[in-house]
Amino acid sequence: MAARSAAVRSGSPAADLLTIGQVLARLKPEFPDLSSSKLRFLEERELVMPVRTASGYRKFSPADVDRLRVVLGLQRDHYLPLKVIKEYLADLDAGRQPALPGGGDGPRPSILGREKRYTRDDLVRAAQASPMLVADAVSASLLPASETFGEDSVVVLKALVELQRTGIEPRHLRTFRSTAEREVGLIESALMPVSRRGDATSRAKASELAREIAGHLEVIRSNLIRAAIGRMDA
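On a predicted model such as this, the values are computed, not experimentally measured, just so you know. (Residues numbered from 1 in each chain as written. Predicted model: local features only at pLDDT ≥ 70, side-chain atom pairs only at ≥ 80, totals over all residues. Heavy atoms only, no water.)

Asker: Mind laying out unusual backbone geometry, listing which residues take part and the relevant values?
Answerer: Despite not being glycine, Glu46 has its phi angle at roughly 60°, a positive value. Here Glu46 lies in the loop between α2 (36-44) and β1 (51-52). Accessibility expressed as a relative area gives 39% for Glu46, which makes it partly exposed. Despite not being glycine, Ser141 shows a phi value in the positive range, around 65°. Positionally, Ser141 belongs in the loop between α6 (131-139) and β4 (148-149). Taking the relative accessible area as the measure of exposure, Ser141 reaches 34% and is therefore partly exposed. (Helix = DSSP H or I, 4+ residues; strand = E, 2+ residues; numbered from the N terminus. Buried < 20%, exposed > 50% of the residue type's maximum accessible area, 1.4 Å probe, protein only.)

Now the structure itself:
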């Protein structure tokens, strides 16, 4: 990737540019697993293109940070491979309005600003849920035990509201957590040859591959459920 001068970086003043450590400080509260090796890996894949100083240090603009937030959010919330995310960002860069990868109906990630965070009261209002439903969802490990929540929690809580209308309560979904943990164990076993190497590049590749495997497992799970529902209609 060709190095670019900070002076030509989208008009960003040099004073606005951030070191890799400053970027980590800004993003780690939202993405606790983020590391400098992960940022370098995303740069290698050309998901973000920081400028380089004369001495070779990376410098990130505020737009770079927002772009990273989108990439990391799509990975975390939608389990999308980097190739798909890169194509999605290319469409946004070209001024198009692409559909959210994976066909999700959730909020569209924005490169213009950070993901909105919700207090518990905000979450209740946004999903038109009851405080008791939120508490039950947290107890069943369907929502994080946190003081603030992201957009993905709104989507989950809205689904729980609809399920509650059919008589399905969060306590009935406790097995979802144990199933997810078993799938994580399966993914960890599959990644053992890569992750045991221990170097930063291998760890970043393992993280990306984990999301790809999770996406494939989701496809299989969804198809099995649809097939079972089809048998009910037969």
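Asker: How would you summarise the pattern of salt bridges if you had to cite specific residues and measurements?
Answerer: Applying the stated criterion to the full structure yields 12 salt bridges. Residue Arg58 pairs with Glu43 through a salt bridge whose shortest N-O separation is 2.4 Å. Note that Arg58 is positioned in strand β2 (residues 58-59) and Glu43 in helix α2, a separation of 15 residues in sequence. A salt bridge links Glu162 to Arg165, with the nearest nitrogen and oxygen atoms 2.4 Å apart. On the criterion of helical spacing, the pair formed by Glu162 and Arg165 is a turn pair, its members being 3 residues apart in helix α7 (residues 151-165). Overlapping salt bridges bring together Glu30, Asp66 and Arg69 as one network. (Salt bridge = Lys/Arg side-chain N within 4 Å of Asp/Glu carboxyl O.)

Asker: Which residues make up α2, and what values do they have?
Answerer: Because the α-helix completes a turn every 3.6 residues, residues three or four places apart line up on one side. Turning to α2, its buried residues are Ser37, Lys38, Leu39, Phe41, Leu42 and Glu43. In the stretch just after α2, Glu46 is the one whose phi turns positive, near 60°.

Asker: Which residues make up α6, and what values go with them?
Answerer: Burial in α6 covers these residues: Leu133, Val134, Ala137 and Val138. Looking down the long axis of α6, one finds its buried residues gathered within 135° of arc, a one-sided arrangement. Among the exposed residues of α6, those pointing more than 90 degrees away from its buried face are Pro131 and Met132. At its buried positions, α6 is contacted by α5 (120-127) and α7. The positive-phi residue at the C-terminal boundary of α6 is Ser141, with phi of around 65°. (Arc of directions from axis to C-beta. Contact = heavy atoms within 4.5 Å.)

Asker: Pulling in residues and values, what's your account of the environment of Val70?
Answerer: Along the chain, the position of Val70 falls in helix α3 (residues 62-78). Its relative accessible area of 5% is what places Val70 among the buried residues. Taking C-alpha positions, Val70 is 9.0 Å from Leu89, a pair spaced 19 residues apart along the chain.

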